[in-house]
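Okay, here's what each chain looks like letter by letter:
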Amino acid sequence: MKNIYILLFLIPLFSGAQTNDCVYEVEQKTDSTSLKVLSEVLIDEKIFGNTNEYLFFSLLNIDGVPMLELQLLQKSKDFIPAKCINKTSKIILQLQNGKIVTLLANEEERCSVLNYDEKEKNNIRVLTGYFFFGITNYEELKNSSVTLMRVQYNGDSKDYVIKNELVSETLKTKTNPDTYFMNYIKCID
């Protein structure tokens, strides 16, 4: 009987140890506006030959509206074609429970910006886009991990297999992309 009491006492400690802290890049609240922006998290990394590609997510809430910021960073010695996001762009997520969640872009049109790193002789493209959650989709993301993702750009799409654990070769970080929404969406409620 004593062991049962000890177990009941320890369960909340273990479940509390599994939760992630909400680390905000920005958290502001005034009389008329509110803004919460979480730190970005690496979701995918591809390194092939001269080309490196990184996909980051960041959750934000602007005046009670939850959104997802997607940032695509591409670096290559070769030319990198532009990718664009417009109102028809989407992020489609396949969840572990079999459901599909679609996030819609809020952009008129935004294309990746080309920069040149003179020191390392690399072309660098950065694309940042913002996507809205649907009301029903939002709740699904809290309860199931993501297995596959398709980003539909303007005239192009790319599929990603979402990993349980991603250890970055170049950034030297470790993330859990499949449970990103389960871990952090509570931070922008």
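About the criteria used
- Residues numbered from 1 in each chain as written.
- Predicted model: local features only at pLDDT ≥ 70, side-chain atom pairs only at ≥ 80, totals over all residues.
- Heavy atoms only, no water.
- Buried < 20%, exposed > 50% of the residue type's maximum accessible area, 1.4 Å probe, protein only.
- Helix = DSSP H or I, 4+ residues; strand = E, 2+ residues; numbered from the N terminus.
- Arc of directions from axis to C-beta.
- Contact = heavy atoms within 4.5 Å.
- Polar contact = N/O pair within 3.5 Å; in protein donor to acceptor, adjacent residues only side chain to side chain.
- Pairing = 2+ DSSP bridges.
- Disulfide = S-S within 2.5 Å.
- Core = buried A, V, L, I, M, F, W, Y, C linked by side-chain atoms within 4.5 Å.

1. Examining helix α2 (residues 135-143)
Link 1 in the chain: Within the span of α2, buried status applies to N137, Y138 and L141. Seen from one end, α2 has its buried residues packed into an arc of 105°, which puts them on one side. Facing away from the buried side of α2 by more than 90 degrees, the exposed set consists of I135, T136 and N143.
Link 2 in the chain: Looking at the buried positions of α2, the neighbouring elements they touch are β5 (65-76), β7 (90-95), β8 (100-105), β12 (146-153) and α3 (180-184).

2. Some points on the side chain of S168
Link 1 in the chain: For S168, the position within the fold is in the loop between β14 (166-167) and β15 (174-175).
Link 2 in the chain: Among the polar contacts made by the side chain of S168, one reaches the main-chain amide nitrogen of T170 at a distance of 3.4 Å.
Link 3 in the chain: At 2.8 Å, the side chain of S168 forms a polar contact with the backbone nitrogen of L171.
Link 4 in the chain: Leaving out residues up to four positions away in the same chain, S168 has contacts with L42, E45 and T173.

3. Quick notes on the pairing of strand β11 (residues 122-132)
Where a strand is regular, its side chains alternate between the two sheet faces.
Link 1 in the chain: The element β11 is largely enclosed, with a buried count of 8 among its 11 residues.
Link 2 in the chain: Of the pairings in the sheet, the one linking β5 to β11 comprises 10 bridges and is antiparallel in character. Looking across to β11, one finds that L72 is bridged to L127.
Link 3 in the chain: Pairing of β8 with β11 involves 2 bridges; the strand directions are antiparallel. Considered in β11, the bridge of L104 is made with F132.
Link 4 in the chain: With 5 bridges joining them, strand β10 (residues 113-117) and β11 adopt antiparallel strand pairing. Bridge assignment links N115 to a residue of β11, and that residue is I124.
Link 5 in the chain: Hairpin remark: β10 followed by β11, antiparallel, with 4 residues in the connecting loop; positive phi at K121, about 60°.

4. Side note on the state of the cysteines
Link 1 in the chain: If you walk through the whole model with that rule in mind, you get 2 disulfides.
Link 2 in the chain: Here C22 engages in a disulfide with C187; their sulfurs sit 1.9 Å apart. Judged by the sign of its S-S torsion, about -75°, the cystine formed by C22 and C187 is left-handed. In this pair, C22 is assigned in the loop between α1 (2-17) and β1 (24-29) and C187 in the segment after α3, connecting sequence segments 165 residues apart.

5. Some details on the nonpolar core
Link 1 in the chain: Formed by 32 residues in total, the largest nonpolar core has its most connected members in L93, F133, M149 and F181.
Link 2 in the chain: Non-local contacts of F181, meaning those with residues more than four positions away in its chain, are made with F57, L59, L68, L93, F133, L141 and V146.

6. Here we look at the environment of E69
Link 1 in the chain: By the element assignment, E69 lies in strand β5.
Link 2 in the chain: Look at E69 and you get buried, because its relative accessible area is 16%.
Link 3 in the chain: Beyond its immediate stretch of four places on either side in the chain, E69 contacts F56, F57, S58, L60, T128, G129 and Y130.
Link 4 in the chain: At a separation of 2.9 Å, a polar atom in the side chain of E69 contacts the side chain of Y130.

7. What about unusual backbone geometry?
Link 1 in the chain: One non-glycine residue, K121, lies in the positive phi region at around 60°.
Link 2 in the chain: For K121, the position within the fold is in the loop between β10 and β11.
Link 3 in the chain: Although it is not a glycine, K172 sits at a positive phi angle of roughly 60°.
Link 4 in the chain: Mapped onto the elements of the fold, K172 is located in the loop between β14 and β15.

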